[in-house]
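# Examination of the molecular architecture
Here is what each chain is made of, one letter per residue.
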Amino acid sequence: MAIALPTRASARRTFSVDLSVPVLAGLAALLCVLVALPVSWLVYYSLTAAPAPGAARSFTLAHFQALLTDPDFLDPLLTTVILAVSSAAACCAIAAPMAWLVARTDLPLSNAIRALVTASFVTPPFLGAVAWEILAAPNSGLLNQLYRFMTGAPQDEYLLNIYTLPGLIFVISCYTFPYVFVLIANALDRIPADLEDASAMLGAGTWTTARRVTIPLAVPALLAGVLVAFLQAMILFGSPAILALPAGFHTMTTKIWSLFQYPPKPELAAAAALPLLVLTVLLLRGQQAILGRRGYSVVGGKSAAPRQVRLGWTVWPTMAFVLLVLSLPVFLPYFALFNAAFSPIATTLVTPANATLHNVYFTFFELSSTQLALKNTFILGLAAASAGTVLALAIGYLTSRRAIPGHRLLAFLATAPIAIPGIVLGVGLFLSYTRPPLVLYGTLWVLLIAYVTIELPAAYQQLQSAFRAVNPELEEASRILGATRLQALRHVTAPLLRTNVLATWCFIFVSTIRELSAAIMLFTSETKVVSVLIFDLKESGDLGAISVLGLSMLLLTFAVVIGINRLPGFGGTRLRNT
Amino acid sequence: MQGNKPERAPTRRPSRRDVIKLSAAAAATVYASPLRAAPPPADAITPALIEAAKKEGKVAFYTAMDLAFAQQLAKAFETRFPGISVRVERSGAERIFTRIAQEYGSGIHAVDVVNTADQAHCLAWKRNDWLAPYLPEEVAQHYDSAYVDPDGLHITTRILVSPLGYNTNLVSKEEAPKSFADLLDPKWAGKIVKAHPAYSGTIMNATFQIARDLGWDYLEKLARQKVMQVQSATDTPKKVALGERAIMADGAGYLVIRYREEGQPIDIIYPAEGTPLAGGPSAVFKAAPNPNAARLFQNWMHTREGQQIIVDDACQYSAHAQTVGKKGVRPLKDIKLMKEDPEGIEKAAEDVKKRYAAIFKV
């Protein structure tokens with residue numbers, strides 16, 4: 001051993017070094033590989049062309065020129081912007097009043113409502129899109145059948161047509177509004193009651209107080225919600241692929257994906273991916289500017305529980321409104337999926353007479369990809385959740401404690417992937433890992449890298465704020481007693497953070513299971529995951545199998561999340577193993 | 001094909017065991033130039049082959065067949081040869097082609113046997129020297145040579161047509177369109193579903209043949225009928241059976257017949273101008289990870305037993321002379337067919353996809 005150790009430490013432990021420098025270097029290098037490598041390949045490919053396959057690549061702006069002049073690219077870009085703006089507006093129009101009702105009124109069952117909103121978050125958007133096809137396809141859709149049955153309208157008349165831009169906006173909003181809801185509800189929970197009390201004492205009525213005090217205080221969260229909804233709608237792949245293509249239009253994500261059809265055009269795909277990347281970065285800058293001022297909403301400090309507005313007789317119409325809203329992403333789609341799973345024909349109502357287990361049998365005993373896809377998804381979910389949590393934990397600790405020089409760089413690198421839409425990351429990783437020295441394409445590793453990269457920003461932010469909540473003096477005491485940073489982390493901080501770690505783990509697990517847009521670029525026949533299998537089944541119209549698979553995937557997700565939370569001492573042992 | 005058998009020079013005949021032992025690269029040198037235009041020796045299903053296949057225990061089958069039927073065929077094979085499991089990788093033929101190109105481009109050799117619905121793909125794979133020559137005994141004995149590659153690299157497993165179809169609850173037999181031209185009637189606007197040539201091999205064939213025989217302007221007019229654009233040729237019959245659209249402009253004819261048999265409200269129309277035709281060939285890959293199981297599967301699929309399953313359960317057509325046509329399925333010779341042209345498609349495929357995307361916007 002070349003390193004001189006204090007005798008006290010070496011007597012107790014033969015190997016005890018403060019690893020902060022190698023840890024920083026290692027983490028920074030890892031993050032660079034995760035983030036910088038795929039982005040560099042994207043930029044490089046978008047700016048170069050090979051005159052012949054295998055020839056040296058030379059600089060060109062031709063791809064961007066094609067992008068800016070070809071209506072094949074301009075139309076999808078315009079569609080995407082319309083889609084994102086409308087979805088963001090729709091989400092806020094619905095999520096804001098609902099969040100207010102749940103957080104600030106005496107509406108009954110508010111916890112159940114929050115839980116149902118979470119259920120719509122766990123539902124993969126592409127599964128929701130398929131369910132809404134079953135419900136609102138113009139001719140066979142269950143709701144349109146109901147409409148014709150009720151009104152006696154002729155066969156070719158319909159109430160709803162999901163294969164339209166408004167239909168797509170609606171379905172995307174259904175599965176984006178949870179993000180906005182949670183942001184606004186949390187902000188409203190935090191608004192101190194004394195400000196509202198003051199307003200009331202000065203003679204303002206309920207409505208005036210809401211308008212003059214509560215709403216302005218919630219505006220930052222609302223704007224942040226708008227941006228999140230905008231980004232989600234912009235980068236989603238599954239729902240547009242399911243609903244826009246039958247209607248005869250593309251969005252940017254489906255366009256990028258179609259550029260990988262034979263013969264693949266990775267250069268154009270890379271060029272088409274960059275506007276999404278730039279737009280995302282700009283929007284996140286805007287969000288930061290808004291969230292940076294968030295502090296003023298909790299200036300009140302310690303205060304009583306938020307005031308609750310009494311709804312009085314309006315509780316009934318209000319409840320009806322909330323139930324209606326929740327029926328759109330949760331009740332109706334799940335009904336459609338259950339119906340399709342046990343019905344001989346997806347759009348025929350199940351009755352005791354025609355109920356069948358055929359789809360279940362087919363999915364589990366005949367469909368030969370099921371097992372492999374479930375296994376891959378499960379392995380990747382566990383691995384991504386564990387690796388992502390450990391990584392986020394390490395970075396969160398180093399940056400919140402400012403433990404080592406260069407922690408700002410780490411924080412930046414860990415949040416940077418938030419600016420990379422899944423499909424763009426997919427293209428970048430495809431370009432990075434289909435060539436030596438790291439041919440990871442075709443293995444589960446490349447998917448693991450994609451998932452960890454995509455989920456890292458959210459995981460990091462959750463854990464970093466958790467670290468901030470733990471007073472550093474506890475760790476300092478441990479260090480004074482001779483522990484290294486890592487030992488202090490292991491024995492003192494980790495047990496205190498168990499709940500947060502579990503929450504983060506579950507968050508990554510759920511997000512991994514429902515991820516489609518990066519996986520669709522990176523899977524091979526042997527590394528197929530359930531989301532890709534469902535997409536495959538969708539393309540050949542096998543709705544029964546999709547419903548069975550989708551529902552089992554949700555069951556699996558819930559089982560794992562509940563199981564992990566019930567496991568005693570899980571957080572502690574897990575950290576000790578790392 | 002039978003005539004070829006005596007011509008085989010015994011010295012050039014490597015035994016099947018030898019072939020298996022050779023690596024893919026070595027096999028290439030054995031077969032590459034000397035045997036061009038001469039088929040490999042015909043192979044029977046021998047106990048040794050079954051034994052070797054069982055040791056491998058699995059076979060990866062990439063196919064464009066309808067999923068339910070592909071799994072049915074796989075199950076029949078698994079029942080016939082217990083201990084060998086078939087993993088069906090189903091997608092559109094064009095998608096399968098892209099996937100294999102991407103996998104091979106990264107040195108991933110996962111596919112054992114492929115069955116496509118676009119013969120042009122076999123021409124491309126043959127040119128890349130990716131296919132293994134393999135001639136099952138029954139193919140040598142009972143197949144017309146038109147359905148077998150001269151080098152024994154691929155064999156037509158199934159022949160399918162892409163007719164029109166209609167929902168019998170929504171449209172009466174008299175009212176139903178009789179020809180492609182009828183689809184342009186304004187009354188069908190918004191009522192037609194159509195599959196995509198960049199996804200499906202059957203539709204690539206159909207689009208190529210329709211554009212050649214009726215002109216691209218026919219497709220331009222069809223696009224103005226507000227067609228619902230799905231991906232797979234196996235999806236159009238499903239959408240019509242559901243009643244989502246009244247008419248299918250193209251798609252898997254065999255599924256229309258299959259669903260009609262199941263009692264679903266759908267029927268088939270062979271258009272007056274001629275019905276597009278697509279041969280669905282299969283091939284064993286030279287770098288197959290399970291070379292014996294691959295050969296056993298390829299061999300069995302083209303036996304009378306395998307082919308009769310394709311005729312009876314999939315309602316497709318077989319090139320095997322001993323198969324018995326199915327009742328209720330109009331024999332191929334009684335249908336006015338468009339002419340298949342794999343070489344033409346191979347040259348035009350990219351142009352077809354591009355023009356199609358320009359016309360139908362996706």
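Just so we're clear, the structure is a prediction, and the values are computed from it rather than from any experiment.

### A closer look at the overall build of chain B
If you tally the helices and strands in chain B, you get 14 helices and 13 strands. In chain B, 81% of the contacts between residues at least 6 apart in sequence involve partners at least 24 apart.

### With respect to the interface of chain A and chain B
Taken together, the 32 residues of chain A in the interface contact 44 residues of chain B. Listed by contribution, the elements that provide at least two residues to the side of chain A that touches chain B are α11 (238-247) and α24 (530-539) of chain A. Tallied by class, the residues present in the side of chain A that touches chain B amount to 12 nonpolar, 15 polar and 5 charged.

### Digging into the domain arrangement of chain B
Residues and elements named next belong to chain B. You can read the domains of chain B as domain 1 (2-159 + 279-330) and domain 2 (163-275 + 333-360). Facing 20 residues of domain 1, the contacting portion of domain 2 comprises 23 residues. Mapped onto the side of domain 1 that touches domain 2, the elements with two or more residues apiece are α5 (93-105) and α6 (119-127). Per-element tally for the side of domain 1 that touches domain 2: the top contributor is α6, with 4 residues. Taken together, the residues of the side of domain 1 that touches domain 2 sort by class into 9 nonpolar, 6 polar and 5 charged.

### A few points about the packing of helix α5 (residues 110-122) of chain A against helix α14 (residues 315-342) of chain A
Residues and elements named next belong to chain A. Closest axis-to-axis distance for the α5/α14 pair is 9 Å, and the angle between their directions is 25°. When the axis of α5 is compared with that of α14, the two are roughly parallel. The interaxial crossing formed by α5 with α14 has left-handed handedness. Facing α5, whose interface residues are Ile 113, Leu 116, Ala 119 and Ser 120, α14 presents Val 322, Leu 326, Pro 329 and Val 330.

### A short note on the sheet that holds strand β8 (residues 164-167) of chain B
All names here are of chain B. Sheet architecture is open: 5 strands sit in the order β10-β9-β11-β8-β12, paired in mixed fashion. The open sheet has two edge strands, β10 (228-229) and β12 (266-269), and neither has a second partner. As defined by bridge partners, strand β9 (residues 192-194) adjoins strand β11 (residues 247-248) across 2 bridges and the pair is classed as parallel. Residue Ile 192 lies in a different strand from β11, and its bridge partner there is Ile 247.

### Details of the domain arrangement of chain A
All names here are of chain A. What the domain assignment lists for chain A is domain 1 (69-122 + 177-330) and domain 2 (361-578). Taking the mean C-alpha position of each, domain 1 and domain 2 sit 24 Å from one another. On the side of domain 2, 18 residues touch domain 1, which itself brings 18 residues to the contact. Looking at the side of domain 1 that touches domain 2, the elements that each hand over two or more residues are α11, α12 (252-258) and α13 (266-291). Examining the composition of the side of domain 1 that touches domain 2, we find that 9 residues originate from one element, α13, more than from any other. Counted by class, the side of domain 1 that touches domain 2 contains 15 nonpolar, 3 polar and no charged residues.

### Quick word on the pairing of strand β13 (residues 277-285) of chain B
Two faces belong to every sheet, and in a regular strand the side chains alternate between them. All names here are of chain B. Across the 9 residues of β13, 9 count as buried, placing the element largely inside the fold. For strand β4 (residues 113-115) and β13, the ladder comprises 3 bridges, and the chain directions are antiparallel. Paired with Val 113 across the strands is Val 284, a residue of β13. One ladder, built from 2 bridges, connects strand β5 (residues 131-132) with β13; its direction is antiparallel.

### A closer look at helix α10 (residues 235-242) of chain B
Residues and elements named next belong to chain B. Along α10, 8 of the 8 residues are buried, which leaves the element largely enclosed by surrounding structure. Those residues of α10 that sit buried are Asp 235, Thr 236, Pro 237, Lys 238, Lys 239, Val 240, Ala 241 and Leu 242. Where α10 is buried, its residues contact β8, β9, β11, α11 (253-261) and β12. Looking at the residues trailing α10, positive phi occurs at Gly 243, about 85°.

### Quick word on the nonpolar core
Counting residues in hydrophobic clusters, the biggest one holds 272 residues, and the most contacted among them are Val 180, Ile 184, Val 427 and Leu 522 of chain A together with Phe 297 of chain B. Considering every element that reaches this core, the biggest residue donor is helix α8 (residues 165-190) of chain A, with 15 residues.

The rules behind the values
- Residues numbered from 1 in each chain as written.
- Chains lettered and ligands numbered in written order.
- Predicted model: local features only at pLDDT ≥ 70, side-chain atom pairs only at ≥ 80, totals over all residues.
- Helix = DSSP H or I, 4+ residues; strand = E, 2+ residues; numbered from the N terminus.
- Contact = placed C-beta atoms within 7 Å.
- Nonpolar A, V, L, I, M, F, W, Y, C, P; charged D, E, K, R; others polar.
- Domains from an automatic or database assignment.
- Axes fitted to C-alpha atoms, helices over the stretch in contact; angles between N-to-C directions.
- Parallel < 35°, antiparallel > 145°, perpendicular 65-115°, else oblique.
- Left-handed = near helix turned anticlockwise from the far one by under 90°.
- Pairing = 2+ DSSP bridges.
- Buried ≥ 20, exposed ≤ 12 C-beta atoms within 10 Å, placed from the backbone.
- Core = buried A, V, L, I, M, F, W, Y, C linked by C-beta atoms within 7 Å.

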